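The residues making up each chain are set out below.
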Amino acid sequence: MSTPTTKTPSTPTPVLSFSPVDLSVPGRPVDLQVRVSAPATGTSLPVILLSHGHGPSNNLSSLNGYAPLANLWAAHGFVVIQPTHLTSRTLSHLVAGAPGAPDFWRSRAEDMTHILDQLDVIERAVPQLAGRVDPTKTALAGHSLGGFTAALLLGAGLTDPDTGNLVHLVEPRIKAGVLLAAPGRGGEAFNGPMAQQWPIIGAVDFSTMTTPALVVAGDKDDPRHFTDMGPDWHTDPYTLAPAPKTLLTLFDAEHGLGGIAGYDAAETTDENPERVAALARLTAAYLHTQLHPGAPTWQTACEALLAGPDPVGRAESK
C-alpha cells in the first residue's frame, strides 16, 4: 500500500503526465486547459500550481512548457498543475478581442482559483490519481509574468490602471509560493522603454503579500526594458514584502534561470542544466518544508547546494 508523502523521496519517482484536462469556466472565451504531472506512487500528495510566463515561443508559454521544473517536482512527490493562460501565444488567434486582452492579468490569477475549485474534477480525470491528492497542501510557482500572477495570489495588491481601484486577488488556499524572476516595483524606478506598454507590471503593491514565499532572482538578470535598477529589481518581491520571505540569488543566472521554460530552448540566454536541476531541487525543498512544518528538507538542500565549495547561489531570509 502507498504511504503518505511526508518527505521528498531520495530517489526520484517515475512521473505520469496527462494533458489536456479541460475545465469549463463560465465567461472565459475558451475552456481552461491544464497539464497534470504526478509521481507514479505515493498518497497525500501536495500540489504545485505553475503559472507560465510570456516569452516569444508559441508553446513554452502554455501547459506544454516548463518541463524541466514540472518533471522534477513531480518526481519528488508533488502534483504539478499547469494551466494555459489566455496570454499564451497558442490562444492569440482565439482571444485577441476578448475582454482583458492583451494582459489578461485578472484572468491569469482567476485561472488558479478555478483550478482549486475543480481540483476534484482534475483528480478524477487523470488516470491513477484519484484519492492521492492532499488539497490542504497547495503551493504556487510562477516565472516572469507568472511571478507577477503569483504575487497577486499570495496577497499583493494591484492598482487597476483602467479604474484606479486597488484590487486584491489573494487565494487563501495557497499556503506558500515561489516567484521565479518576477517583476519588481513600479513608481519612478519603472522607467524602461517597455514600462508604458505594460503599465500593469508596475502597478503591484508588495506590502500586503503576506503568504510565505521564496523569491528567486538571477544576479545577471538585467530587466533594462522595464527599469534601470538592474538585477536587484527582481528581488523587490522579497525586499518590499513582509516576512516570512526567503531570497535565493542564483549566481550568473539570467532571466531563464538556466533554462527552466523548456529543454534546449533557443531563447534561453544562460543555458545551464546543472543550475536548473539545482533550482528545481531547492524550490521543491522549500515548498516541502513550508507544507510540512518542521521538515528539514530546505535546510538540507541549502547545505548541499549553497554551502559547498562551488555554490549555485546564496539564500537569506526574514
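Residues numbered from 1 in each chain as written. Predicted model: local features only at pLDDT ≥ 70, side-chain atom pairs only at ≥ 80, totals over all residues. Heavy atoms only, no water.

Caption draft 1: Spotlight on the pairing of strand 8 (residues 176-180). Burial within strand 8 is extensive, with 5 of its 5 residues counted as buried. Going residue by residue along strand 8, you find Ala176, Val178 and Leu180 tucked away on one face and Gly177 and Leu179 tucked away on the opposite face as well. Sheet topology places strand 5 (residues 133-143) next to strand 8; 5 bridges connect them, and they run parallel. Pairing of Gly142 across the sheet is with Leu179, part of strand 8. As paired strands, strand 8 and strand 10 (residues 213-218) are joined by 4 bridges and run parallel to one another. Looking at the pairing, Val178 lines up with Leu214 of strand 10. (Buried < 20%, exposed > 50% of the residue type's maximum accessible area, 1.4 Å probe, protein only. Helix = DSSP H or I, 4+ residues; strand = E, 2+ residues; numbered from the N terminus. Pairing = 2+ DSSP bridges.)

Caption draft 2: A look at the sheet that holds strand 10. With mixed pairing, the 9 strands of this open sheet are ordered in space as 1-2-4-3-5-8-10-11-12. Of all strands in the sheet, those bounded by a partner on one side alone are strand 1 (15-23) and strand 12 (313-317). The sheet shows a mean angle of 20 degrees between the axes of neighbouring strands, direction not considered. Running over the sheet, helix 7 (residues 273-291) touches strand 3 (45-51), strand 5, strand 8, strand 10 and strand 11 (245-250) and is turned about 160 degrees from strand 8. (Axes fitted to C-alpha atoms, helices over the stretch in contact; angles between N-to-C directions. Contact = heavy atoms within 4.5 Å.)

Caption draft 3: Local environment of the sheet that holds strand 6 (residues 157-159). With antiparallel pairing, the 3 strands of this open sheet are ordered in space as 7-6-9. Edge positions in the sheet fall to strand 7 (166-168) and strand 9 (204-205), since each has one partner strand and no second. Note: strand 6 against strand 9, 2 bridges, orientation antiparallel. Across the sheet, residue Leu158 finds its bridge partner in strand 9, namely Val204.

Caption draft 4: Spotlight on the environment of Ala243. Within the secondary structure layout, Ala243 lies in the loop between helix 6 (236-239) and strand 11. Residue class for Ala243 comes out partly exposed when judged on its relative accessible area of 46%. Distance from Ala243 to Pro68, taken between C-alpha atoms, is 29 Å for residues 175 residues apart in sequence.

Everything listed here is a matter of geometry and, on its own, says nothing about what the molecule does.
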